[in-house]
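Examining the three-dimensional arrangement
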Amino acid sequence: MAQHVTAGVDATTESLAAAHWAAREALRRGAGLRLVHAWRGQPGLVPPVSADTARRRVAERDLRRSVASVRAAHPGLRMEDVLLSASPVAVLLAAAEEAEVLVLGSRGLGRIAGFALGSVSQRVLARSSRPVVLVRAGETTADEHLPALDGVSPEEIPETPYRDVVLGLDTEHPSDELLGFAFESARRRDAGLRVIHAMGAVPAHADDGPPDTAPPGEPLAGRDHILVAALRPWCEKFPRVPVTESVAEGRAAAELVHASACASLLVVGRRRRDAHLGPHIGSVTHAVLHHARCPVAVVPHASMGDSA
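Residues numbered from 1 in each chain as written. Predicted model: local features only at pLDDT ≥ 70, side-chain atom pairs only at ≥ 80, totals over all residues. Heavy atoms only, no water.

**Some points on the overall build of the protein chain**
As a reminder, the rule being used: A run of H or I in DSSP becomes a helix once it reaches four residues, and a run of E becomes a strand once it reaches two; helices and strands are each numbered from the N terminus. Type-normalised accessible area, obtained with a 1.4 Å probe on protein chains alone, sets the label of each residue: buried when under 20%, exposed when over 50%, and partly exposed for intermediate values. Note on definitions: a residue-residue contact is assigned when non-hydrogen atoms from the two residues lie within 4.5 Å. Each accessible area is a Shrake-Rupley result for a 1.4 Å probe, and residues are judged covered by the shown protein chains and nothing else.
Across its full length, the protein chain holds 9 helices and 11 strands. Evaluated residue by residue, the protein chain yields a buried proportion of 50% over its 308 residues. Within the protein chain, contacts between residues separated by at least 24 positions form 76% of all contacts whose residues are at least 6 apart in sequence. Carbon and sulfur atoms make up 54% of the accessible area of the protein chain, which totals about 14300 Å².

**Description of unusual backbone geometry**
Its identity is not glycine, yet Asp190 carries a phi of approximately 55 degrees, on the positive side. Here Asp190 lies in the loop between helix H6 (176-189) and strand S8 (193-198). On the basis of relative accessible area, Asp190 is assigned to the exposed category, the value being 65%.

**Looking at the pattern of salt bridges**
To be explicit about the condition: By convention in these notes, a salt bridge is any Lys or Arg side-chain nitrogen within 4 Å of a carboxyl oxygen on Asp or Glu.
Using the criterion set out here, one finds 12 salt bridges in the structure. Two residues, Asp62 and Arg61, come together in a salt bridge whose shortest N-O distance is 3.2 Å. Residue Arg61 is classed as partly exposed on the basis of its relative accessible area of 33%. The salt bridge involving Arg136 is made with Glu139; its shortest N-O contact spans 4.0 Å. Take Arg136 and Glu139: they sit in the same class, and that class is buried.

**Observations concerning the pairing of strand S10 (residues 263-271)**
Two faces make up the sheet, and in a regular strand the side chains alternate between them. Selection rule: Pairing between strands is defined by DSSP: at least two bridges between them are needed.
With respect to burial, S10 is a largely interior element, 9 of its 9 residues being buried. Examined bridge by bridge, S10 and strand S11 (residues 296-301) share 6 bridges and lie parallel to one another. Paired with Arg270 across the two strands is Pro300, which belongs to S11.

**Overview of the packing of helix H1 (residues 13-29) against H6**
What counts, and what does not: Axes here refer to lines fitted to C-alpha atoms; in helices the fit is confined to the stretch in contact. Angles between the N-to-C directions go from 0 to 180 degrees. An angle counts as roughly parallel when it lies under 35 degrees, as roughly antiparallel when it exceeds 145, as roughly perpendicular when it falls between 65 and 115, and as oblique in every other case. Classes in brief: Ala, Val, Leu, Ile, Met, Phe, Trp, Tyr, Cys and Pro nonpolar; Asp, Glu, Lys and Arg charged; the others, Gly included, polar.
It is at 10 Å that the axes of H1 and H6 come closest, and there the two elements cross at 85 degrees. Classified by the angle between their axes, H1 and H6 sit roughly perpendicular to one another. Counted together, Trp21, Glu25, Arg28 and Arg29 of H1 and Phe181, Arg188 and Arg189 of H6 form the full contact between these two elements. Tallied by class, residues from the contact of H1 with H6 come to 2 nonpolar, no polar and 5 charged.

**Overview of the nonpolar core**
Rule in force here: For this analysis, a nonpolar core means a set of buried residues of the types Ala, Val, Leu, Ile, Met, Phe, Trp, Tyr and Cys, connected via side-chain atoms within 4.5 Å.
Residues Leu33, Leu35, Val103, Leu167, Leu193 and Val267 are the most contacted members of the largest nonpolar core, which totals 46 residues. It is H1 that contributes the most residues to this core, 7 residues altogether. Discounting residues that sit within four places of it in the chain, Val267 has contacts with Val165, Val166, Leu167, Gly168, Leu178, Phe181, Ala182, Ala297 and Val299. Within the second largest apolar cluster, 29 residues are counted, among which are Val132, Ala292, Cys294 and Val298.

**A look at the packing of aromatic side chains**
Heads up, the condition is: Two rings from Phe, Tyr or Trp (for Trp, the six-membered ring) form a pair when their centres sit within 6.5 Å of each other. Planes less than 30 degrees apart are called stacked, planes more than 60 degrees apart edge-to-face, and all others tilted. Criterion for a charge above a ring: Lys NZ or Arg CZ within 6 Å of the ring centre, and within 35 degrees of the ring normal.
Scanning the entire structure with this criterion turns up 3 aromatic pairs. Pairwise contacts between aromatic rings join Phe183, Trp234 and Phe238 into one cluster. The ring of Trp21 has Arg28 sitting right over it, with the charged end atom 5.3 Å from the ring centre. Lying across the ring of Tyr162, Arg189 places its NZ or CZ 5.9 Å from the centre.

**A few points about helix H3 (residues 88-97)**
Counted residue by residue, H3 has 7 buried out of 10 residues, so it is predominantly covered. Within the sequence span of H3, burial applies to Pro88, Val89, Val91, Leu92, Leu93, Ala95 and Ala96.

**Comments concerning the side chain of Arg29**
The criterion, for reference: Think of a polar contact as two N or O atoms within 3.5 Å of one another; within protein, one of them needs to be a possible hydrogen donor and the other a possible acceptor, and neighboring residues in sequence only count if both atoms come from side chains.
Tracing the backbone through its elements, the reader meets Arg29 in helix H1. In terms of polar contacts, Arg29 uses its side chain to reach the side chain of Glu25, at 2.7 Å.

**Considerations on the pairing of strand S1 (residues 4-8)**
Selection rule: By the criterion used throughout, a crossover qualifies as right-handed when its path from the first strand across the helix to the second strand runs clockwise, the strands pointing away from the viewer.
Within S1, 5 of the 5 residues are buried, leaving the element largely enclosed by the surrounding structure. Burial of S1 is two-sided: the residues His4, Thr6 and Gly8 facing one way and the residues Val5 and Ala7 facing the other way are all buried. Crossover S1 to strand S2 (residues 32-39) through H1 is right-handed.

**Re the environment of Ala259**
By the element assignment, Ala259 lies in helix H8 (residues 252-260). Overall, Ala259 belongs to the buried group, its relative accessible area being 3%. Along the chain, Ala259 and Ala292 lie 33 residues apart, while their C-alpha atoms are 8.6 Å from each other. Setting aside residues no more than four positions away along its own chain, Ala259 makes contact with Val166, Arg194 and Ile196.

**What about the environment of Arg78?**
When you line up the elements, Arg78 lands in the loop between helix H2 (49-73) and strand S3 (79-85). Taking the C-alpha atoms as reference, Arg78 lies 9.0 Å from Ala26; in sequence the two are 52 residues apart.

Spelled out as structure tokens, the structure:
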């Protein structure tokens with residue numbers, strides 16, 4: 001079983017934020033950290049071999065800087081670094097297979113605008129068989145915690161309680177992978193878990209499909225009862241995780257983005273699709289990734305009808 005968290009790094013500020021978030025997650029899990037950097041060599045001899053040598057040196061420098069930054073912040077963390085000359089998408093997908101979770105940086109568009117998904121992150125998210133967390137530039141330890149009291153130093157931030165973990169859940173097809181990841185994330189943070197089911201749009205993990213609207217005349221309380229029933233076995237399994245459940249009439253993406261403003265982590269799902277359908281993120285998850293105001297974990301899970 002994997003015993004490390006992996007972060008993809010390069011020369012960007014967002015990848016450095018991802019590396020530091022991954023380091024904190026590794027500590028929460030009691031795992032090691034692996035930093036992976038992929039650089040592209042040029043096939044053949046044009047441009048000259050010396051150009052590839054220069055690219056490799058730049059890649060080595062960028063990786064060393066990331067490693068040094070994380071070591072300075074977390075000197076006791078078990079770390080390893082990997083430098084490969086190959087397609088970043090292929091390297092990151094392979095790295096994800098060996099990790100508990102893969103962490104990637106995403107160019108921030110500000111506290112209101114949220115994320116900008118690059119082509120590499122989008123392709124990795126759509127194809128990874130393991131959970132992937134997107135972290136934007138500027139994300140810090142303090143952002144994961146409730147506001148500190150006046151006079152509390154930055155070094156004391158970890159002692160300040162975490163913000164809640166938020167989970168977007170489809171009550172029609174609850175996923176064990178998704179629920180397990182969310183409850184474990186809340187447990188590791190000693191935080192509350194807020195579970196949201198939205199009736200006005202496709203669920204947070206769905207692919208493009210018909211709107212998830214309540215049948216005519218179905219009361220909101222009926223959906224609330226279904227949500228509570230879906231969560232009951234997980235609440236019994238994690239009795240120390242405070243759970244708040246809510247059924248919202250709004251659209252799923254809007255409800256989850258709004259909740260992300262006060263969350264340490266937003267957890268959504270992505271159904272694994274048949275190979276002939278191709279990789280896909282799903283419209284709601286795609287919207288959440290662009291506008292969420294905290295790190296977003298995308299958890300792949302079995303499609304409806306799968307035996308897994």
